[in-house]
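The residues making up each chain are set out below.
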Amino acid sequence: MSRRDLVGPRLTIPIPARLAPFRRTAGATGGLILASVLTSATGFVFWGIAARQYPAEAVGLAGAGVSAMLLLSQIAMLGLGTVLAGVLHRERRAASLAVTAMLASGLAGVLLGVTFGMFAPLLSSELRPLSSTLVALVIFTVGVGVTALTSVLDQVLVSVQRNLLQLARNAVFGFARLPVLALAAMLLARDGMAIYTAWLIGTVLSLGVLFTLVRNARLTGDVRPLMWNRLRDMAADALARKGRSALPLFAGGIACAAACLALLALGVTFAAPLLWML
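We now turn to the structure provided with this report.

Definitions and cut-offs
- Residues numbered from 1 in each chain as written.
- Predicted model: local features only at pLDDT ≥ 70, side-chain atom pairs only at ≥ 80, totals over all residues.
- Heavy atoms only, no water.
- Helix = DSSP H or I, 4+ residues; strand = E, 2+ residues; numbered from the N terminus.
- Buried < 20%, exposed > 50% of the residue type's maximum accessible area, 1.4 Å probe, protein only.
- Contact = heavy atoms within 4.5 Å.
- Areas by Shrake-Rupley, 256 points an atom, 1.4 Å probe, with all protein chains shown as cover.
- Salt bridge = Lys/Arg side-chain N within 4 Å of Asp/Glu carboxyl O.
- Patch = residues over 30% accessible without salt bridge, like charges linked within 9 Å, V, L, I, M, F, W, Y side chains within 5 Å.
- Phe/Tyr/Trp six-rings, centres within 6.5 Å; stacked < 30°, edge-to-face > 60°.
- Lys NZ or Arg CZ within 6 Å of the ring centre and 35° of its normal.

Now for the overall build of the protein. Within the protein one finds eight helices and zero strands. Evaluated residue by residue, the protein yields a buried proportion of 45% over its 278 residues. Looking at the protein alone, contacts between residues at least 24 apart form 83% of all its contacts between residues at least 6 apart. Accessible area of the protein: about 14,500 Å², with a carbon and sulfur share of 71%.

Below, the structure is given as structure tokens:
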């Protein structure tokens, strides 16, 4: 399986001839900007709907849960997205390697989600609903795993210049979670886990649509057998060559992500009354 066969159409952005050498960077950057704008805009609407249909306490818990999910998923990526960006173009079975990395990140996310969910009440009693029942713990854990898998997938799509597919997935995620949230308010208890579940369902639906498009267009072949040995060798090589220099960058990135997500949780909590008034 070649890199060209990994995924589908590219997002082409017209640029002057003198900037042709930077076409790849421009396309990747443009796709990321569009995806960020789209998810940010739909995210504002999402939290606005949540603030109007759910109690402020539920919105605050959901904001904290989503922030924890996003932070844990960043850790669970294990740097695989960055590693794949440098090797996929040389791999004969790029699709198999990418799927293996996605599953590895998803499994790491599940482990982190279970661990955090079990110890979250010790950090704050307000986080107790994340693991108050087995169903709640499973939902939170699945959310972390799916988000970690999706984050690696997005980086893979960008690295192989398939920005249109990455943008389409984010569009489905952004818009699908809105009616799901409204439906959850009618069918489920109006608590923070219902909001969190709506967010998770939006992510799962976006993955389903993307995988359906890829399968129907026959953009990839058989990814079996998975390349666990190759992934292990890549990780060992990366740690041997760049381990010491990469750890400070990794720690700094996680610290920045934690600060941003903490601000998100605080913003959602304190902005909920204002959004309800809109």
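Take the pattern of salt bridges next. Across all of its chains, the model carries one salt bridge by this definition. Residue Asp 154 pairs with Arg 169 through a salt bridge whose shortest N-O separation is 3.0 Å. Here Asp 154 is found in helix H5 (residues 134–159), whereas its partner Arg 169 is found in helix H6 (residues 163–187), with 15 residues between them in sequence. Among the residues examined, Asp 154 registers a relative accessible area of 13% and is labelled buried.

A grouping of Leu 183, Met 186, Leu 187 and Leu 188 is seen on the molecular surface, where their side chains present a nonpolar patch of about 440 Å² in accessible area. Inspection of the secondary structure assignment puts Met 186 in helix H6. Using a relative accessible area of 62% as the deciding quantity, one classes Met 186 as exposed.

Throughout the structure, instances matching the rule amount to six aromatic pairs. On the basis of an interplanar angle of 90° and a centroid distance of 5.2 Å, the ring pair of Phe 46 and Trp 47 is categorised as edge-to-face. You'll find Phe 46 and Trp 47 in the same group, each marked buried. Among the aromatic residues, ring-to-ring pairing joins Phe 46, Trp 47, Phe 173 and Trp 199 into one connected group. Note that Arg 177 overlies the ring of Trp 199, its terminal NZ or CZ placed 4.6 Å from the centroid.

The next point concerns the environment of Ala 168. Its location among the elements puts Ala 168 in helix H6. You can call Ala 168 partly exposed: its relative accessible area is 31%. With 38 residues separating them in the primary sequence, Ala 168 and Ser 206 have C-alpha atoms 8.3 Å apart.

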